[in-house]
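Below, each chain spelled out in residue letters.
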Amino acid sequence: MSAEAVAAVAQAHRRDWAHVLAATARLTRDLDLAEECTQDAYAQALQTWTQIGIPDRPGAWLTTTARNRARDVLRRESVLRRALPLLVPEQSAPGPEDGLDDDRLRLVFTCCHPALSRDAQVALTLRLVCGLSTAEVARAFLVPEPTMAARITRAKKKITNARIPYRVPPPDHLAERVSAVLGVVHLIFTTGHTAPTGAHLVRRDLVDSAIGLARMLRLLMPNDAEISGLLALLLLIHARADSRLSATGRLQLLSEQDRGRWDTRLISEGVALLTDALRRQPPTRYAVEAAIAAVHAEAPTWQDTDWAEIVGLYDVLLQLWPSPVVELNRAVAVGLRDGPQAGLDALTPLLAEPALATYGYLSAARADFLRQLEQWAQAADAYREALALTDNDVERAFLTERLSDVQRVPAGEDRPRGGVPMRGDEREPVAVSRRIAAPAADIFRILADPRRHTDLDGSGMLRGAVSDGVVSAVGDVFVMRMHYPPYGDYEMSNHVVEYEANRRIGWRPEPGRGHPDTAPATATPTRWGHRWTYELTPDGPDATIVTETYDCSEAPGDKQASMDGGRIWISSMTGTLERLDALCARERG
Amino acid sequence: MAKYLILIYGDERQWAAMSPQEMQERDEAHGAFYAAAGPAVLDGQELEPATIATTLRTDRAGRLTTTDGPFLETKEAVGGYYLIEAADLDEVIGLASQLYEVSAGHSGVEIRPVVDHG
């Protein structure tokens with residue numbers, strides 16, 4: 001196999017797969033057989049092109065080869081095949097108008113027929129039109145491969161047995177059927193643009209498939225403004241792809257992105273398509289969404305964004321496409337135009353919207369406005385809510401960092417700009433969070449074993465455990481040997497006050513042997529009113545959000561003041577969680 | 001050509017509560033459907049309510065049991081059917097979407113292809 005042949009076959013796979021399969025399906029009237037022959041043709045191309053060179057028209061070569069193979073199979077199996085139901089062919093009535101006589105269109109309209117479920121439409125389109133393998137389609141939609149294979153088989157069986165016709169719909173149904181196809185393309189793109197779960201933010205194969213489909217539709221139906229609108233939208237959003245992650249893999253918000261890395265070629269292509277789409281007819285949903293993306297694309301900086309224009313476009317979009325998600329985006333734009341309080345007010349009515357009850361972006365948007373208003377505790381709650389609602393690792397890392405930021409703010413500063421206390425005089429404990437790639441049970445096992453605490457210590461004061469054994473219930477006491485230069489060596493008795501296996505563990509320290517507070521002249525030792533707590537929130541089966549909290553709200557005022565409300569511990573707490581992370585990473589090898 | 005069975009489903013209590021005027025509208029609508037579908041309709045009937053149905057099964061001992069009522073106890077029941085002959089699913093959807101029960105809130109139709117044994 002020559003490298004040239006491999007590259008040529010890969011290119012032909014991207015460019016010609018749909019055409020080869022669709023033209024073969026028209027001959028076989030059987031999608032399974034067409035798929036098989038198409039696959040065989042590509043396999044044969046690898047051999048033949050290595051031997052005789054790459055043909056001038058690879059697509060035509062592949063189509064001829066696939067159709068010849070299909071003819072052979074049909075001749076051989078004609079007796080058997082006569083008994084099987086076949087695809088319903090185009091009737092011999094006059095062909096579709098506007099030059100829509102294209103096999104790829106027949107294929108895509110059949111795959112996206114409204115009698116098939118949306119899941120089936122997406123799966124069939126990716127498999128048959130885009131040429132993704134069943135395993136790839138299964139991975140994209142997070143289902144086991146046999147499940148996806150069964151879904152595709154069932155859909156193909158329905159096409160044949162219910163006689164879904166293999167044709168371009170007649171003119172009176174064309175508009176609604178094009179919308180159904182565009183719905184599938186849009187869904188493939190959005191699934192790829194921010195993968196709902198997993199380690200990567202973007203699934204490039206899905207994004208490429210969606211843009212490829214939109215380009216193909218645009219090529220075949222150049223006069224359809226809705227198609228131009230969707231292609232414009234996809235290109236304008238995709239133009240920002242390279243700036244969505246920082247060098248360290250952190251999610252970059254639109255406001256933070258390096259606009260110099262936006263793809264200007266895609267932006268001008270998108271804007272030209274959009275202009276074309278808007279000129280031809282009243283705007284469609286996708287064209288308005290593309291117009292919003294274009295306003296962003298053309299703003300030199302985030303600060304220069306024309307928010308009034310964007311709010312106006314969202315108003316138009318709400319007329320064309322009323323949806324709670326659009327209302328959410330509009331509310332965010334209002335906040336950017338009129339300030340965080342206006343944004344928060346615009347978001348408030350959406351809290352009662354059932355469709356948004358599990359939509360993480362609503363929580364994230366509120367959290368961000370609350371953070372700007374310096375309402376730290378409420379912002380933290382909203383970030384925690386958003387974290388609970390997304391499974392994408394990159395988004396989670398971003399939200400965890402933001403949560404940590406707002407928790408780091410000192411006690412007593414949770415006031416709105418007017419200076420009115422938000423929650424009485426309640427003091428917020430100091431907390432630090434970190435996402436650790438280990439199951440909660442593994443982390444808990446370390447935390448519940450005092451002998452391992454020296455490995456975690458970020459303060460440098462711990463010397464070792466006196467007690468020999470693990471903590472197993474509230475009421476347990478474990479004694480630690482400590483060293484602090486002004487005191488020398490001493491001990492602390494830690495009383496376990498919170499214990500929920502694999503979820504939560506907390507203790508209150510009490511001065512022990514050698515500590516100045518236990519000298520004969522002083523009062524009976526007390527537990528000071530300090531509390532250390534670790535809270536573990538599973539983040540999928542293999543990761544955990546660990547939040548370490550230091551709460552000294554019950555300590556005497558001077559003690560609190562001497563520790564700056566606990567803030568002096570933040571850096572050692574951060575260090576502890578880093579060590580815990582490293583320890584878990586070592587244990588997992 | 002292929003055959004399809006169109007099953008008309010709906011809430012029987014709502015069908016029973018129809019006013020004479022609504023019933024007349026419904027009957028006229030079915031008449032219009034018949035006329036529009038022409039020879040495509042091979043058969044079509046309204047059914048007595050499911051409460052009048054009789055269900056036969058065999059118990060574990062192999063004895064025939066007769067039950068008063070439908071096979072499945074559901075709020076929505078089959079109230080009628082059409083047997084249609086058509087070239088493809090699009091053609092049947094085009095016809096069936098004109099049926100009166102498709103536009104009434106509590107009812108709808110299910111299209112089932114008939115297996116062709118050649």
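Quantities reported herein were computed from a predicted structural model and do not represent experimental measurements.

Draft legend 1. Spotlight on the overall build of chain A. In terms of regular secondary structure, chain A is built from 23 helices and nine strands. Taken across its 589 residues, chain A has 41% of its residues classed as buried. Put simply, 60% of the contacts in chain A that link residues at least 6 apart link residues at least 24 apart.

Draft legend 2. Region of interest: the overall build of chain B. Regarding its fold elements, chain B presents four helices and six strands. Residues counted as buried form 18% of the 118 residues belonging to chain B. Considering only contacts in chain B between residues 6 or more positions apart, those separated by 24 or more positions represent 74%.

Draft legend 3. Focus on unusual backbone geometry. Residue and element names in this part refer to chain A. Its identity as a non-glycine residue notwithstanding, Arg163 has a phi of 60°, on the positive side. Inspection of the secondary structure puts Arg163 in the loop between α8 (145-161) and α9 (171-193). Take Arg163: there are 24 C-beta atoms within 10 Å of it, and that puts it in the buried class. The backbone phi angle of Glu374 is positive, close to 60°, even though this residue is not glycine. Within the secondary structure layout, Glu374 lies in the loop between α17 (360-372) and α18 (376-388).

Draft legend 4. Looking closely at the interface of chain B and chain A. Every contact between the two is made by eight residues of chain B and, on the other side, 10 residues of chain A. Classifying every residue of the side of chain B that touches chain A gives four nonpolar, one polar and three charged.

Draft legend 5. Representation of the pairing of strand β1 (residues 2-11) of chain B in the model. Residues and elements named next belong to chain B. Alternating positions in β1 separate cleanly, Ala2, Tyr4, Ile6, Ile8 and Gly10 being buried on one face and Lys3, Leu5, Leu7, Tyr9 and Asp11 remaining unburied on the opposite face. As judged from the 10 bridges shared by β1 and strand β5 (residues 76-86), these two strands associate in the antiparallel manner. Note that in β5 the partner of Tyr9 across the bridge is Val78. Sheet topology places β1 next to strand β6 (residues 108-113); six bridges connect them, and they run antiparallel. Across the sheet, residue Leu5 finds its bridge partner in β6, namely Arg112.

Draft legend 6. Spatial organisation of the pairing of strand β3 (residues 430-436) of chain A. All names here are of chain A. In terms of residue burial, β3 counts as a mostly covered element, since seven of its seven residues are buried. A two-sided burial pattern is seen for β3, the buried positions comprising Val430, Val432, Arg434 and Ile436 on one face and Ala431, Ser433 and Arg435 on the other. Both β3 and strand β9 (residues 544-551) contribute to a ladder of seven bridges, which runs antiparallel. Residue pairing across strands places Val430 opposite Tyr550, the latter belonging to β9.

Draft legend 7. Layout of the sheet that holds β5 of chain B. Residues and elements named next belong to chain B. Spatially, the four strands line up as an open sheet ordered β2-β5-β1-β6, and their pairing is antiparallel. Both outer strands of the open sheet, β2 (41-46) and β6, are each paired with one neighbouring strand and no more. Taken pair by pair, the neighbouring strands of this sheet meet at an average axis angle of 20°, ignoring direction. Direction of pairing for β2 relative to β5: antiparallel, over a ladder of five bridges. Bridge pairing links Gly44 to Tyr82 in β5. On the sheet, helix α3 (residues 89-96) packs against β1, β5 and β6 and is oriented at approximately 130° with respect to β5.

Draft legend 8. Geometry of the sheet that holds strand β4 (residues 462-465) of chain A. All names here are of chain A. Ordered by their spatial adjacency, seven strands build an open sheet running β3-β9-β8-β7-β6-β5-β4, and the pairing between neighbours is antiparallel. The open sheet has two edge strands, β3 and β4, and neither has a second partner. Within the sheet, the average angular offset between the axes of one strand and its neighbour, ignoring direction, is 25°. Contacting β3 and β9, helix α19 (residues 393-407) crosses the sheet at an angle of about 165° to β3. Most of the contacts of helix α20 (residues 440-447) go to strand β8 (residues 531-538), to which it runs at about 160°, and overall it touches β3, β7 (504-511), β8 and β9.

Draft legend 9. Representation of α3 of chain B in the model. Residue and element names in this part refer to chain B. Burial within α3 is extensive, with six of its eight residues counted as buried. Leu89, Asp90, Glu91, Val92, Leu95 and Ala96 are the residues of α3 that are buried. Here the buried face of α3 lies against β1, α2 (20-37), β5, α4 (100-103) and β6.

Draft legend 10. Representation of the environment of Gln378 of chain A. Residue and element names in this part refer to chain A. Mapped onto the fold, Gln378 is located in helix α18. Gln378 sits in the buried class, given 20 other C-beta atoms within 10 Å. When the C-alpha atoms of Gln378 and Arg366 are compared, they prove to be 9.1 Å apart, with 12 residues separating the residues in sequence.

Draft legend 11. Fine view of the confidence of the model for chain B. Averaged over all residues, the pLDDT of chain B equals 92, while 100% of them reach at least 70. Among the prediction metrics, the complex's ipTM stands at 0.85, with pTM recorded as 0.66.

Draft legend 12. Structural view of helix α13 (residues 285-298) of chain A. Residues and elements named next belong to chain A. If you check α13, its first and last C-alpha atoms are 20 Å apart, about what 14 residues at 1.5 Å a residue would give, namely 20 Å. When you tally the buried positions in α13, you get 12 out of 14 residues, the bulk of the element. All of the buried residues in α13 are Arg285, Tyr286, Ala287, Val288, Glu289, Ala290, Ala291, Ile292, Ala293, Ala294, His296 and Ala297. On its buried side, α13 packs onto α9, α11 (225-238), α12 (264-280) and α14 (307-320).

Draft legend 13. Local environment of the packing of helix α15 (residues 324-338) of chain A against α17 of chain A. Residue and element names in this part refer to chain A. Here α15 crosses α17 at 10°, and the two axes come no closer than 11 Å. The angle between the axes of α15 and α17 places the two elements in the roughly parallel class. Contacts from Leu328, Val332 and Gly335 in α15 reach Tyr361, Leu362, Ala365 and Phe369 in α17. Grouping the constituent residues of the contact of α15 with α17 by class yields six nonpolar, one polar and no charged.

Draft legend 14. Spotlight on the environment of Lys559 of chain A. Looking at the secondary structure, you find Lys559 of chain A in helix α22 (residues 557-562). Given 12 C-beta atoms within a 10 Å radius, Lys559 of chain A is considered exposed.

Draft legend 15. Geometry of the packing of helix α16 (residues 340-347) of chain A against α17 of chain A. Residue and element names in this part refer to chain A. For the pair α16 and α17, the least separation of the axes is 9 Å and the interaxial angle reads 150°. Classified by the angle their axes make, α16 and α17 are roughly antiparallel. You can see that α16 and α17 cross each other, and the crossing is left-handed. Contact residues: Pro340, Gly343, Leu344 and Leu347 in α16; Leu362, Ala365, Arg366, Phe369, Leu370 and Gln372 in α17. The class makeup of the residues in the contact of α16 with α17 is seven nonpolar, two polar and one charged.

Draft legend 16. Focus on the confidence of the model for chain A. Residues and elements named next belong to chain A. Scored by pLDDT, chain A has a mean of 85; 90% of the residues are at 70 or more. Looking at the elements of chain A, mean pLDDT is at its lowest for helix α4 (residues 78-81), recorded as 59, and at its highest for α11, recorded as 95. Between residues 92-97, whose pLDDT stays under 50, and residues either more than four places distant or in other chains, the model counts four contacts. Confidence over residues 412-426 falls short of pLDDT 50; this stretch has 17 contacts with residues more than four positions distant or in other chains.

Reading guide: rules and limits
- Residues numbered from 1 in each chain as written.
- Chains lettered and ligands numbered in written order.
- Predicted model: local features only at pLDDT ≥ 70, side-chain atom pairs only at ≥ 80, totals over all residues.
- Helix = DSSP H or I, 4+ residues; strand = E, 2+ residues; numbered from the N terminus.
- Buried ≥ 20, exposed ≤ 12 C-beta atoms within 10 Å, placed from the backbone.
- Contact = placed C-beta atoms within 7 Å.
- Nonpolar A, V, L, I, M, F, W, Y, C, P; charged D, E, K, R; others polar.
- Pairing = 2+ DSSP bridges.
- Axes fitted to C-alpha atoms, helices over the stretch in contact; angles between N-to-C directions.
- pLDDT = per-residue confidence, 0-100.
- Expected span 1.5 Å × (residues − 1).
- Parallel < 35°, antiparallel > 145°, perpendicular 65-115°, else oblique.
- Left-handed = near helix turned anticlockwise from the far one by under 90°.

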